[in-house]
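# Structure at a glance
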Amino acid sequence: MKKESLQKFYQTYRLYIFPSVVGFCCLILIGFIIMPQLLKLLDLQKNEQQSLKRSGILEAKAAELVNFDPEDIQKKVQIALNVLPSDKDYIGALALVQSIAEQNSFIADSLSLSETSGGGGSKESYIIRANITGPKILFLSLIKSLENSIRVMRVQSIEMTPAKEASAISAVIAIEVLYSTAQGVSGSADSPVLKLTAIEEQLINKLGTLLPATISTGNIATGGGVRGKQNPFQ
Amino acid sequence: MALISINLLPEEFIVEQVKKLKFAKIQSISIAILLCTFFLASLTVALRILQSQRIKGVESKLTEVEGKLSGYRNVEDNVILLKNRVVSINSYLGVSSKDALIYEFIEENIPASTSINSLSIDKMGDAFLTLVLADTVSLDSIINGLLESKSEKVKIKEIGIEGLSRGKDGIYKLSLKLKSN
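A quick note: this is a predicted structure, and the numbers were derived from the prediction, not measured. (Residues numbered from 1 in each chain as written. Chains lettered and ligands numbered in written order. Predicted model: local features only at pLDDT ≥ 70, side-chain atom pairs only at ≥ 80, totals over all residues. Heavy atoms only, no water.)

The full count for this structure, using the stated rule, is 11 salt bridges over all chains. When the shortest N-O distance is used, the salt bridge between Glu 59 of chain A and Lys 61 of chain B registers 3.7 Å. In this pair, Glu 59 of chain A is assigned in helix α1 (residues 2-67) and Lys 61 of chain B in helix α1 (residues 11-70), connecting two distinct chains. Across the pair Arg 151 of chain A and Asp 89 of chain A runs a salt bridge whose closest N-O atoms are separated by 3.5 Å. Taken together, the positions of Arg 151 of chain A in the loop between α4 (139-147) and β3 (153-162) and Asp 89 of chain A in the loop between α2 (70-83) and α3 (90-103) put the pair 62 residues apart, joining distant regions of the chain. Assigned by exposure class, Arg 151 of chain A and Asp 89 of chain A land together as buried. Through salt bridges with shared partners, one network takes in Asp 72, Lys 76 and Glu 201 of chain A. (Salt bridge = Lys/Arg side-chain N within 4 Å of Asp/Glu carboxyl O. Helix = DSSP H or I, 4+ residues; strand = E, 2+ residues; numbered from the N terminus. Buried < 20%, exposed > 50% of the residue type's maximum accessible area, 1.4 Å probe, protein only.)

Pasting the structure below:
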């Protein structure tokens, strides 16, 4: 009885019932399958493009890094670390100042260390106060030798007085010795490979020729090696 | 001669036929729409499957390249360290400090007949010097020489005479204070 009445109802209203059921099915399909899949598709399309781009960048970077000669880079790093060490290396700096003074016919009467006054800034340095005696005519050459030495040093102040001998002078030179604790830590994998410019390449090669062979090929890659106390003023 | 058509079917039958025809039309249109929707749904699913396969491929390639790059991490660290150092070194090397430039300037611009008794150059580049002169005639030439020097690196903006004394031996001592730009 019920079935018959349902059939009769369908027969009467089938013109409306059939398209409504089909429309409902279509809405279900669109709402639960087509739209979510389409949104996901578009979203992942962006990710895919990004991944492809990143993969391309990394491949190019790997290809660039393959071209570097690790031994050559290591050697250049050693040279750079000798010129601008990663630690204070007081002994090396004092020895160098004394050696430069001797090369210019000066006698280093005393060498003292002090921290850079004023502090501040990112510059890492300390002062070597050199009390020297020697020929007046070679003083300029001494100053230039200090500033062009194989270690980054700057003359900060000069006090010059006549010595006992007429052609000699006695001077106190405050030399600022620079170092840098910054290490080469690579950033993200996507960061581009840094390259030396032609000028920088020339500079490092020039420094390599200036450094004694024992130093330039020595075991100083670890930043000159920490000798003695890190800070003797403490 | 015109044909004469006589409809002998009852009116209800015609109405029923029209209804059936209309339903058949609606039915076929509805089924076509449903099939299209099915087709679109299966197309999006197929595209998603293809896309996820492509993404898997790209990701595995990415992992492979990252693994390759990690093998060069040491080289990259060294290159960065080298670059940073060389940039710092380049900014200092070959560039004379102000003190060195001023000393060179004084050496160049003080006449040979005049000797420097004492000299001090401070951090700011201000120089204090005591000169030994045989006579006062050369005083003007010393000051003019310092002020009118053609040096590109150092320009003296102010010269102060701190003192002038004459010893029993007739030797003059001149104390100067130089301020440079």
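Here the narrative resumes, following the displayed structure.
So, on to the interface of chain A and chain B. The interface of chain A with chain B comprises 81 residues on the first partner and 64 residues on the second. Together, the buried faces of chain A and chain B total about 6800 Å²; carbon and sulfur atoms form 69% of this surface. Connecting chain A to chain B are six salt bridges. Close ionic contact of Lys 144 of chain A with Glu 104 of chain B constitutes a salt bridge, the shortest N to O distance being 3.1 Å. On the surface where chain A and chain B come into contact, there are 22 residue pairs in polar contact (both at pLDDT 80 or more). Secondary-structure elements contributing two or more residues to the side of chain A that touches chain B are α1, α2, α4, β3 and α5 (198-210) of chain A. In terms of strand pairing, β3 of chain A meets strand β1 (residues 115-121) of chain B through three bridges, oriented antiparallel. (Contact = heavy atoms within 4.5 Å. Buried area = accessible area lost by both parts, 1.4 Å probe. Polar contact = N/O pair within 3.5 Å; in protein donor to acceptor, adjacent residues only side chain to side chain. Pairing = 2+ DSSP bridges.)

All names here are of chain A. Mapped onto the fold, Asn 104 is located in the loop between α3 and β1 (107-115). Of the residues examined, Asn 104 reaches a relative accessible area of 7% and is grouped as buried. Among the polar contacts listed, one links the side chain of Asn 104 to the backbone oxygen of Ile 100, at a separation of 2.8 Å. In this view, Asn 104 contacts Pro 135, Leu 138, Ser 141, Leu 142 and Ser 145; residues no more than four positions away in its chain are not counted.

Let's shift gears to the side chain of Ser 118 of chain B. Checked against the element boundaries, Ser 118 of chain B lands in strand β1. With relative accessibility at 18%, the residue Ser 118 of chain B sits in the buried group. When residues no more than four places from it in sequence are discounted, the contact partners of Ser 118 of chain B are Met 160, Thr 161 and Pro 162 of chain A together with Phe 128, Leu 129 and Thr 130 of chain B.

Turning our attention to the environment of Ile 30 of chain A. Relative to the helices and strands, Ile 30 of chain A resides in helix α1. Owing to a relative accessible area of 34%, Ile 30 of chain A belongs among the partly exposed residues under this scheme. When neighbours within four sequence positions are excluded, Ile 30 of chain A is seen to be in contact with Met 35 and Pro 36 of chain A together with Thr 37 of chain B.

What follows concerns the packing of α3 of chain A against α4 of chain A. All names here are of chain A. Relative to each other, α3 and α4 sit at 145 degrees, their axes nearing to 9 Å. Here the hand of the crossing between α3 and α4 comes out right-handed. Taking contact as the criterion, the partners of Val 97, Ile 100 and Ala 101 in α3 are, on α4, Leu 142, Ser 145 and Leu 146. (Axes fitted to C-alpha atoms, helices over the stretch in contact; angles between N-to-C directions. Left-handed = near helix turned anticlockwise from the far one by under 90°.)

A word on the sheet that holds strand β2 (residues 124-135) of chain A. Within a sheet, adjacent strands bond to each other through the backbone by hydrogen bonds, running parallel or antiparallel. With antiparallel pairing, the eight strands of this open sheet are ordered in space as β1(A)-β2(A)-β4(A)-β3(A)-β1(B)-β2(B)-β4(B)-β3(B). Edge positions in the sheet fall to β1 of chain A together with β3 (156-166) of chain B, since each of these pairs with one other strand and no more. Here the average twist between neighbouring strands, direction ignored, is 20 degrees. In terms of strand pairing, β1 of chain B meets strand β2 (residues 127-133) of chain B through six bridges, oriented antiparallel. Looking at the pairing, Ser 118 of chain B lines up with Thr 130 of chain B of β2 of chain B.

Our focus in this paragraph is the packing of aromatic side chains. Inspection of the entire model under this criterion finds six aromatic pairs over all chains. Relative to Tyr 126 of chain A, the ring of Tyr 90 of chain A has its centre 4.6 Å away and its plane inclined at 65 degrees; by these criteria the two rings are edge-to-face. Of this pair, Tyr 90 of chain A sits in helix α3 while Tyr 126 of chain A sits in strand β2, placing them 36 residues apart in sequence. The pair formed by Tyr 90 of chain A and Tyr 126 of chain A is uniform in burial state, with each residue classed as buried. Ring geometry for Phe 139 of chain A against Tyr 103 of chain B: centres 4.9 Å apart, planes inclined by 75 degrees, an arrangement best described as edge-to-face. Here Phe 139 of chain A, found in helix α4, pairs with Tyr 103 of chain B, found in helix α3 (residues 98-109), and the two come from separate chains. For Phe 139 of chain A, a relative accessible area of 0% puts it in the buried group. One aromatic cluster is present, formed by Tyr 90, Tyr 126 and Tyr 179 of chain A through successive ring pairs. (Phe/Tyr/Trp six-rings, centres within 6.5 Å; stacked < 30°, edge-to-face > 60°.)

The next subject is a nonpolar patch on the surface. A cluster of nonpolar residues, Phe 24, Ile 28, Phe 32 and Ile 33 of chain A together with Val 45 and Ile 49 of chain B, forms a patch on the protein surface that exposes about 570 Å² of accessible area. Of all the secondary structure elements, the ones that give two or more residues to the nonpolar patch are α1 of chain A together with α1 of chain B. Among the elements that make up the nonpolar patch, the one with the highest residue count is α1 of chain A (four residues). For Phe 32 of chain A, a relative accessible area of 66% puts it in the exposed group. (Patch = residues over 30% accessible without salt bridge, like charges linked within 9 Å, V, L, I, M, F, W, Y side chains within 5 Å. Areas by Shrake-Rupley, 256 points an atom, 1.4 Å probe, with all protein chains shown as cover.)

Before going further, it helps to spend a moment on the confidence of the model for chain B. All names here are of chain B. Averaged over every residue, the pLDDT of chain B is 87; residues scoring 70 or more account for 99%. In the model of chain B, helix α4 (residues 137-147) stands out as the element of lowest mean pLDDT, 81, in contrast to α1, which has the highest, 91. Scored as a whole, the predicted complex attains pTM 0.70, and scored at its interfaces, ipTM 0.72. (pLDDT = per-residue confidence, 0-100.)

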